[in-house]
Amino acid sequence: MADQIPLYPVRSAAAAAASHRRAAYYSATGPGPGADRRGRYQLEDESAHLDEMPLMMSEEGFENDESDYHTLPRARITRRKRGLEWFVCGGWKFLCTSCCDWLINVCQRKKELKARTVWLGCPEKCEEKHPRNSIKNQKYNIFTFIPGVLYEQFKFFLNLYFLVVSCSQFVPALKIGYLYTYWAPLGFVLAVTIAREAIDEFRRFQRDKEMNSQLYSKLTVRGKVQVKSSDIQVGDLIIVEKNQRIPSDMVFLRTSEKAGSCFIRTDQLDGETDWKLKVAVSCTQRLPALGDLFSISAYVYAQKPQLDIHSFEGTFTREDSDPPIHESLSIENTLWASTIVASGTVIGVVIYTGKETRSVMNTSNPKNKVGLLDLELNQLTKALFLALVVLSIVMVTLQGFAGPWYRNLFRFLLLFSYIIPISLRVNLDMGKAAYGWMIMKDENIPGTVVRTSTIPEELGRLVYLLTDKTGTLTQNEMVFKRLHLGTVSYGTDTMDEIQSHVLNSYLQVHSQPSGHNPSSAPPRRSQASTPKVKKSVSSRIHEAVKAIALCHNVTPVYEARAGVTGETEFAEADQDFSDENRTYQASSPDEVALVRWTESVGLTLVSRDLASMQLKTPSGQVLTYCILQMFPFTSESKRMGIIVRDESTAEITFYMKGADVAMSTIVQYNDWLEEECGNMAREGLRTLVVAKRTLTEEQYQDFESRYSQAKLSIHDRTLKVAAVVESLEREMELLCLTGVEDQLQADVRPTLEMLRNAGIKIWMLTGDKLETATCIAKSSHLVSRTQDIHIFRPVTNRGEAHLELNAFRRKHDCALVISGDSLEVCLRYYEHELVELACQCPAVVCCRCSPTQKAHIVTLLRQHTRKRTCAIGDGGNDVSMIQAADCGIGIEGKEGKQASLAADFSITQFRHIGRLLMVHGRNSYKRSAALGQFVMHRGLIISTMQAVFSSVFYFASVPLYQGFLMVGYATIYTMFPVFSLVLDQDVKPEMAILYPELYKDLTKFRGTVGDQHGSEHSSNEQTWSWNSSRQPTHDPQGRGREGDPFPSRPSSFGF
C-alpha cells in the first residue's frame, strides 16, 4: 500500500489555477530564456511539495483510507522571537557560542581534506603536509590544565557564587568572619577536583605515550630501520609482524604468506571479532625480493580521508613498465589503523596518518560529564539566590535605607549566604566517593570499576539504554543447531545419525575400484540434464554436508606446538590434519560454525589457499577441489557462491548459500522452505539456504569468458558482473536449510526483562547485518514473540523516506529495525519525526551502524527527549557512543579494554548492569537527593535564626555566630545525619532487584523533567518542597501500607 501513496499533496483550486497560469505564461514565451525559466520553476515547485507536506505525527484525523495522505496536517510552526526578546531568551548564549566557535576555527585553521598521490618509499615527494601519526586522548596540556579545570568548575552558578562570597571577605567593610571559614571549604573542593583531574590526565598521558612509542620496522634503501609509531609519515613502507597493531592507514603491498593474502583482526575498529581477509596488490606481491619495492617507480592514488570504514577507492600505478600497470584498489587492499595482523608478516605503504586515519575520524573527543542532579541543584541555587536577594532587600527596606544602605545590603547578602552553604558541594562529593567505593566493593558484581566518580546518581535516572550486540548481548560464538532436508529434520540430539550416514556414504565411495573414476564422470554430467530422481536420505545428507564443507570462505590456521621451529611451522607436508591446534578463521562466525559442524560429523577442512581446498573424509582420505570462482557475500545480494572442480572426477559444481529471501527465487520449486525458515526464525536461529548446480565443461567455459569480459568493462562494471553471475542462479537444486544460534551472554534475557520492567527503553546499535541483528533481537527477547517487527525498507532519497515513515506511522506497538544508510537519509530530512516515532517503539534495532552513527543516535536522543541515556559496549567502535551518552558503561571482553577504559563504569558481564542500576543507581540517587535537601534545610535554619536576630536588634547587619562555630556546624556537629543519609537503605538489595518497578517509581514525580526549558526546574522545586512535607509510614519490613509489596516513596527530592 505504501507504494501507492502519492508524494505530492492535493492543493487548493486557487493554488492549482495560479500554478496553471504560471505554466501557461512560461509556455507562451516559447523557446529561449522563458522556457528555461519554466523548467527551472517546475523543478523548484516539485521539490517544494515535500516541504508543504510534513509527516503526520498525531492521531487526529488519521484514518485507514489512503486519501488521508492528501490531507496531512501542517507542521508545527513556532513564532520566532525577535529583537530584545530573542536576545534575553537565549540569543546572548547563541552569540557567545558562535563567536567562540569562530575563534577556535580561526586558531585551528582546519584545512580541507583532499585526495593524494603517494609514492612508494618516498615521503619527501608528498605535495602537502600531513598530520603527525600520534595518538592524543588528553583533554588539556601543561598550559591549559589549570585554566581549563577552573573554568569547568566555575561555569556553574553554585561554584561561582561561592567564589564571589569568599573574595568579598578581602574587603574590610564587608568582612563578616574569618577568612578560613570561607576559603577552607572552597579550597578543599578545588584541591580535590584538581587532584582528581590531574590523576586522570596523567593516566591518559601515559597510555598515549605507550602507544606512540611502539617501534615498527621501516623499509628504506639501506634496509630496515626501527621507528616510533609517532614518527611514521605518509609514503613510508612499514613492516608489521604477526599480532602487532597496524600504526596507520596503509595499502597492502606484500605478505609473507604464499597465497598473497593475510588475516587481520578488526575488533577495535568495527567491533567484529571475526578475522578479515586482506589481499596484497598483485603487482608488488609478484616481485622476487622485498628490496625490489625501491627498484620500481610506482605510486598509489588514494581518495580523500573519509569516515566510512567499509569502503575505499584508489588505484595503484607502476610507471616503469611497458605498458604501465594499473590496478584498482578496494577495501580488501587496505589495512586500517588500530587493527591487528593475525597471520603472516605484511608490508604496506602509509596513506593516512594521525587525525586522518579512519579510527581517529570515527572517535569523538571526550567531554566532561555533569550529572542531572548537579544541574538541578545549580538551577535551585539560582532560585535560592533570588530569595536571598529579596530577603536582603526587605531587611534594608525595613531599616529605612539609613546610612550606606548598599553596604548593608551586601552584608545582608553575606549573612544570609548560608541559605546556599558551600558544604553542599563538600558533602555531595564525599557521598559520591562513598557510592563509588560501595559499587567496587560489591561482591555480587566483581570486577566493577568506577572511573568517573562524579555521576553515580545518573545510574538511578536512566530512561534509554543503548547497547552494542557483538560481545555485549552475545558471546559471538555460533553453534550449529538444526539441519532440515525438506522431509526430515535433524537437531542437536540426532547429529549422530548424520555422522553415521556420512561415514557409510564415503566408505561406499572408497570401496569402489579406482579404475572406475574416469568412467564415473560422464554419468554425473548426463545426470544434470536428466529429470531429477528421488534420492535416498543418505545420499541427500552426503550432498548437503559436502556442500556446507565447500561453500564458505573459511581458512584453517595451524599454530606451532611448543618446541617446533619456525621452519616447520607452516610446512603443510609435515602438518598433522587431526592436530588439535587447528583453528578456523573467516569473515563471519556463521561460516566457522558450519565448518566446525561438518568436522564433527566426519568431513574436515584441512587446508585452503586462493586456488584449492582439501577435505578429509571419515576414512582418512583427502579430497582436493580446485576453486575456479568465488562470489563473496554482500549486503545487497545476501548470498555467496563458489565454483569448484573435483580433481578426482573433474566434475564442476556451483554451490550457493544465502538468506531465504534471496534464495527462494533461485532454487527449484518446493513447498517447505518458507514455512521452515519461519519456524527457525521464531526460535531465534539464523537460517541459511544451501543449493547447488552441476555444470558441464562447456557451460563453465562460456560463463568464464563472459565473466572475465564483464570484469574488464569500464562502465557499469558491478551491474554487468552481477548479471553474468545471475545467469547461473537458475533452477538450482535445493539441498538443505541450516539453523545456527548465536550464544547469548549469561542471563541476558532476565536482565533485559528487568530493565524493561524498570521503565528503561532498550535500543540495540550494531554494525552487523540486518538479518543477524533481527535474530539476536528475537532470541534475547529484546523484542517479545508477540510483538511485530517493522523492517524499515532501504531508502535513498527524500521521497522514499517520506513514504516509508508514513507506512511505519500506521504501525502500533511494534519494534523498529533500520539500517545505517536508511537512518542517515531519514535524519537528513525528517530528524524530528523519525526520533519521535522511534521513541514510541518498545524496542529499536539499528544495524550496519558506523561508530560515528552510534554516537549521533545517542546525541539525538539526548537532544530530542531530554531524558538520561546510557550506552554500553565492549569494543573500540563503541567508545564514541559511550562518551556521547550521559552515562557510559564498558565491558571487559574479547574485544579488549578500550571501551572499558573510556567508560564511566566498567563491568565484566552484561548481567551485572541489573544490580548496578536497580541497587546502586537507585540508592545513589535517593541518597544524594536526600543529602542535598538536608544540607539546604540546615542552611535555612541558620539563615532564619540570623534574620530573627537582625530583626530584633533594629535590622543590624551583624553576624549571630562567628568563627569556627559556623564551620563546625556545617561539618563536625552535623556529620552524623550526613553519614546516616549516605548509608541509608530503604529496602534490601534483593527486594530492589525482585521489584524493578521501584526504579521506575523514582521517575514518577519527574515526568516533565527536561521536557520544557522554562518550567522544568520550577516544577522540580515545587515537587521537592511538596515531597519534603510528606512523611510516609513504613513498617519494620520496609513495606508500605495495606501490605503493598512496594515500599512507599521516601521524603526526598522528587520521590
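The rules behind each value
Residues numbered from 1 in each chain as written. Predicted model: local features only at pLDDT ≥ 70, side-chain atom pairs only at ≥ 80, totals over all residues. Heavy atoms only, no water. Helix = DSSP H or I, 4+ residues; strand = E, 2+ residues; numbered from the N terminus. Buried < 20%, exposed > 50% of the residue type's maximum accessible area, 1.4 Å probe, protein only. Contact = heavy atoms within 4.5 Å. Areas by Shrake-Rupley, 256 points an atom, 1.4 Å probe, with all protein chains shown as cover. Phe/Tyr/Trp six-rings, centres within 6.5 Å; stacked < 30°, edge-to-face > 60°. Pairing = 2+ DSSP bridges. Axes fitted to C-alpha atoms, helices over the stretch in contact; angles between N-to-C directions. Core = buried A, V, L, I, M, F, W, Y, C linked by side-chain atoms within 4.5 Å. Patch = residues over 30% accessible without salt bridge, like charges linked within 9 Å, V, L, I, M, F, W, Y side chains within 5 Å. Salt bridge = Lys/Arg side-chain N within 4 Å of Asp/Glu carboxyl O. Lys, Arg positive; Asp, Glu negative; His and termini not counted. Charge placed at Lys NZ, Arg CZ, Asp CG, Glu CD. UniProt positions renumbered as here; feature names shortened; annotations may be inferred. Parallel < 35°, antiparallel > 145°, perpendicular 65-115°, else oblique. Left-handed = near helix turned anticlockwise from the far one by under 90°. Nonpolar A, V, L, I, M, F, W, Y, C, P; charged D, E, K, R; others polar. Polar contact = N/O pair within 3.5 Å; in protein donor to acceptor, adjacent residues only side chain to side chain.

> Looking at this structure, I do not really get the overall build of the protein. What am I missing?
Across its full length, the protein carries 34 helices and 33 strands. Counting over 1055 residues, the protein shows a buried share of 49%. Taking the contacts inside the protein whose residues are at least 6 apart along the sequence as the reference set, 71% of them involve residues at least 24 apart. Carbon and sulfur atoms make up 56% of the accessible area of the protein, which totals about 51,000 Å².

> How do you make sense of the packing of aromatic side chains when you look at a structure like this?
Geometry of an aromatic ring pair is reported as the spacing of the ring centres plus the angle between the planes. Taken as a whole and judged by the stated rule, the model has 20 aromatic pairs. Between Phe401 and Trp405, the ring centres sit 5.4 Å apart and the planes meet at 85°, which makes this aromatic pair edge-to-face. Exposure remark for Phe401: the relative accessible area of 41% places this residue in the partly exposed category. Take Trp405: its relative accessible area is 36%, and that puts it in the partly exposed class. Centre to centre, the rings of Phe631 and Tyr707 are 5.7 Å apart; their planes meet at 85°, and the pair counts as edge-to-face.

> I keep staring at the sheet that holds strand E22 (residues 622-631) and nothing clicks. Help me out?
By definition, the strands of a sheet pair up through backbone hydrogen bonds, in either a parallel or an antiparallel sense. The strand order across the open sheet built from 9 strands is E17-E16-E26-E25-E24-E23-E22-E21-E20, with neighbouring strands paired in antiparallel fashion. Looking at which strands have only one partner, the edges of the open sheet turn out to be strand E17 (489-490) and strand E20 (604-608). Note: strand E24 (residues 652-658) against strand E25 (residues 686-695), 7 bridges, orientation antiparallel. Bridge pairing links Met656 to Ala691 in E25.

> Is there a simple way to think about the sheet that holds strand E8 (residues 298-302) in this case?
One open sheet accounts for 4 strands, arranged E1-E8-E9-E10; its pairing is antiparallel. Two strands close off the open sheet at either side, each with one partner strand: strand E1 (116-119) and strand E10 (325-329). The mean angle between the axes of side-by-side strands here comes to 20°, regardless of whether they run parallel or antiparallel.

> Teacher, can you tell me more about the nonpolar core here?
Nonpolar side chains in soluble globular proteins tend to end up buried together. Ranked by internal contacts, the top residues of the largest apolar core, which has 42 residues, are Leu483, Ile498, Val545, Trp597 and Tyr655. For this core, the element with the most residues is helix H15 (residues 537-550), which contributes 7 residues. Sequence-distant contacts of Tyr655, defined by excluding residues within four places in its chain, comprise Lys546, Ala547, Leu550, Cys551, Met640, Gly641, Ile642, Val644, Ala691, Lys692 and Leu735. The next biggest cluster of nonpolar side chains, apart from the first, holds 40 residues, and it includes Ile760, Met764, Ala815 and Ala843.

> What's the story with a negative patch on the surface in this structure? I'm lost.
Together, Asp308, Glu636, Asp821 and Glu824 line one region of the surface with negative charge. Its relative accessible area of 36% is what places Glu824 among the partly exposed residues.

> Looking at this structure, how should I read the environment of Ile776?
Topologically, Ile776 is positioned in helix H22 (residues 770-779). Considering only alpha carbons, one finds Ile776 and Leu473, 303 residues apart in sequence, at a separation of 8.3 Å. Setting aside anything within four residues of it in sequence, one finds Ile776 in contact with Lys469, Thr474, Asp742, Leu744 and Met764.

> What exactly am I supposed to notice about the UniProt feature "transmembrane region" (unreviewed entry) in the protein here?
Here, the residues flagged by UniProt with the feature "transmembrane region" (unreviewed entry) are residues 180-199, 383-403, 409-428, 935-957 and 963-983. Its end C-alpha atoms 27 Å apart, residues 180-199 is made of 100% helix and 0% strand. Helix makes up 65% of residues 409-428 and strand 0%, and the two end C-alpha atoms of the span are 30 Å apart.

> In this structure, what is going on with unusual backbone geometry? I would like to understand it.
If a residue is not glycine, its phi is most likely negative; likewise, a peptide bond is most likely trans. Unusually for a residue other than glycine, Glu731 sits at a positive phi of about 50°. Relative to the helices and strands, Glu731 is located in the loop between helix H20 (717-726) and strand E26 (733-744). Positive phi outside glycine occurs at Tyr954, with the angle close to 55°. As for its position among the elements, Tyr954 is in the loop between helix H29 (912-952) and helix H30 (964-970).

> Quick question: what am I supposed to make of the packing of helix H21 (residues 748-757) against H29 here?
Helix packing geometry: the angle between the two helix axes and the distance between the axes. Close contact between H21 and H29 brings their axes to 9 Å; oriented N to C, the two are set at 25°. In terms of their interaxial angle, H21 and H29 are classed as roughly parallel. For the pair H21 and H29, the sense of crossing is left-handed. Residue-level inspection shows Thr751, Met754 and Leu755 of H21 in contact with H29, the latter providing Ile913, Gly914, Leu917 and Met918. In terms of residue class, the contact of H21 with H29 is built from 5 nonpolar, 2 polar and no charged.

> Looking at this structure, I do not really get the packing of helix H12 (residues 423-440) against H29. What am I missing?
Across the interface, H12 lies against H29 with an axial gap of 10 Å and an inter-helix angle of 160°. Considering their axes alone, H12 and H29 lie roughly antiparallel with respect to each other. For the pair H12 and H29, the sense of crossing is right-handed. The segment H12 lies against H29, with Ser423, Leu424, Asn427, Leu428, Tyr435, Met438 and Ile439 engaging Leu916, His920, Ser924, Arg927, Ser928, Leu931, Gly932, Val935, Met936 and Arg938. Of the residues contributing to the contact of H12 with H29, the split by class is 9 nonpolar, 6 polar and 2 charged.

> I would appreciate a short explanation of a nonpolar patch on the surface in the present structure.
The grouping of Tyr178, Tyr180, Phe964, Leu965, Ile972 and Tyr973 at the surface amounts to a nonpolar patch, some 630 Å² of accessible area in total. Relative to the elements of secondary structure, Ile972 occurs in the loop between H30 and helix H31 (975-982). The partly exposed category is assigned to Ile972, whose relative accessible area is 46%.

> Quick question: what am I supposed to make of the pattern of salt bridges here?
Pairing is possible between side chains of opposite charge, provided their charged atoms come close. Considering all chains together, one arrives at 28 salt bridges under this definition. Here Arg204 ties to Glu201 by a salt bridge, and the two come within 2.7 Å at their closest N and O atoms. Taken together, the residues Arg204 and Glu201, both in helix H6 (residues 180-212) and 3 residues apart, mark about one turn of the helix. Take Arg204: its relative accessible area is 13%, and that puts it in the buried class.

> Looking at this structure, I do not really get the side chain of Ser166. What am I missing?
Residue position: Ser166 is located in helix H5 (residues 157-168). Classification of Ser166 by relative accessible area gives buried; the value is 1%. For Ser166, the side chain forms a polar contact with the main-chain oxygen of Phe162, separated by 2.9 Å. Contact partners of Ser166, with chain neighbours within four places excluded, come to Tyr182, Trp183 and Leu186.

> Looking at this model, I keep getting lost on the environment of Met361. Mind explaining?
Along the chain, Met361 falls in helix H9 (residues 358-361). When the C-alpha atoms of Met361 and Asp308 are compared, they prove to be 9.3 Å apart, with 53 residues separating the residues in sequence. Among all residues touching Met361, those that are not within four sequence positions of it are Leu113, Pro305, Gln306, Leu307, Lys355, Glu356 and Thr852.

> How do you make sense of the pairing of strand E4 (residues 237-240) when you look at a structure like this?
Looking along a regular strand, one sees side chains alternate from face to face of the sheet. Across the two faces of E4 the burial is the same, with Leu237 and Ile239 and Ile238 and Val240 all buried. Taken together, the 3 bridges between strand E2 (residues 215-220) and E4 define a ladder with antiparallel strand orientation. Considered in E4, the bridge of Lys218 is made with Ile238. Relative to strand E13 (residues 346-352), E4 is paired through 4 bridges, and the arrangement is antiparallel. Paired with Leu237 across the bridge in E13 is Val349.

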